[in-house]
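If you want the building blocks of each chain, they are given just below.
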Amino acid sequence: MRFTRFTFMKTYQVKYDRKKNKGVYAISLVENPAMEEHFIALAKNEQVVKLKTIDETKRELIGVVLEPNKPIYRNQNDEEFNIVFSDDVIKELLIGFSQNGNLNNSTIEHEELLKLDGVTFYENWIVEDEKNDKSNAYELGAKKGSWVTKMKIDDELVWDSFVKTGVVKGFSIDALVDLE
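Treat the numbers as computed from the prediction; the structure is a model and nothing was measured.

Reading the values: rules and limits
- Residues numbered from 1 in each chain as written.
- Predicted model: local features only at pLDDT ≥ 70, side-chain atom pairs only at ≥ 80, totals over all residues.
- Heavy atoms only, no water.
- 1 Å grid on protein atoms, 1.4 Å probe; cavity = no way out; pocket = protein on both sides within 12 Å on 5 of 7 lines; lining within 4 Å.
- Points joined across faces, edges and corners; volume = space filled by probe spheres on them.
- Helix = DSSP H or I, 4+ residues; strand = E, 2+ residues; numbered from the N terminus.
- Buried < 20%, exposed > 50% of the residue type's maximum accessible area, 1.4 Å probe, protein only.
- Contact = heavy atoms within 4.5 Å.
- Pairing = 2+ DSSP bridges.
- Arc of directions from axis to C-beta.

A word on the layout of surface pockets. The volume enclosed by the largest pocket comes to roughly 450 Å³. Lining of the largest pocket is provided by 22 residues; of these, R74, I83, F85, I173 and A175 occupy positions nearest its centre. Of all the secondary-structure elements, those providing two or more residues to the lining of the largest pocket are β5 (60–66), β6 (72–76), β7 (79–84) and β10 (170–176). By residue number, the principal contributor to the lining of the largest pocket is β10, which donates six residues.

Turning next to the environment of G96. Inspection of the secondary structure assignment puts G96 in helix α1 (residues 87–99). Its relative accessible area of 1% is what places G96 among the buried residues. Considered as a pair, G96 and R18 are 78 residues apart in the sequence and their alpha carbons are 6.8 Å apart. Other than its neighbours up to four places away in sequence, G96 contacts Y16, R18 and N102.

A separate point is the sheet that holds β7. One open sheet accounts for four strands, arranged β6-β7-β1-β11; its pairing is mixed. Edge positions in the sheet fall to β6 and β11 (178–179), since each of these pairs with one other strand and no more. Note that β6 and β7 share five bridges and pair antiparallel. Paired with Y73 across the two strands is N82, which belongs to β7.

What follows covers helix α2 (residues 156–163). Every buried residue belonging to α2 is among V158, W159 and V163, and all of these are buried. End-on, the buried residues of α2 take up no more than an arc of 100°, which puts them together on one face.

What follows covers the pairing of β7. Along any regular strand, the residues point their side chains to alternate faces of the sheet. With four bridges connecting them, strand β1 (residues 10–15) and β7 associate as parallel partners. Residue pairing in the sheet places T11 in a bridge with N82 of β7. Hairpin connection between β6 and β7: a loop of two residues separates the two successive antiparallel strands, and N77 in this loop has a positive phi of roughly 55°.

Below is the structure:
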């Protein structure tokens, strides 16, 4: 009989207190989103299109920012672990993101030097009912408690160089939070 040794990775719950943490201060456009969900580019007539057939006139993206209870792998200072966001924390992070005036804050791949101008997160919501959520119109399959956003990109260079080419495929948060 052969035995396999299993190692279990630590999992931390993300905690957020608006009085002591910055929370989500930007949402980056990234090639490999931690949520493993790619955003969808919206065409002029609001139909869902794949990135390869983008209608450039609208320049909008929609996607899942955070999904509750989904383990997200991290490797920091040679320590491997997962982090998990609860429904309540996701909702509080969205509220803080909006209240702190971060609706225009975005970067490419979390690089502060690649801070984007001409972008706006103009619609944000928490999925309350998986079956009847408007994210279904975009075939996102967003889970209850997920944070979904719509982004408008007015900067032609960002659209042409990053979105249209498929260099970026989803959203990833820039945040300061506590782990427990």
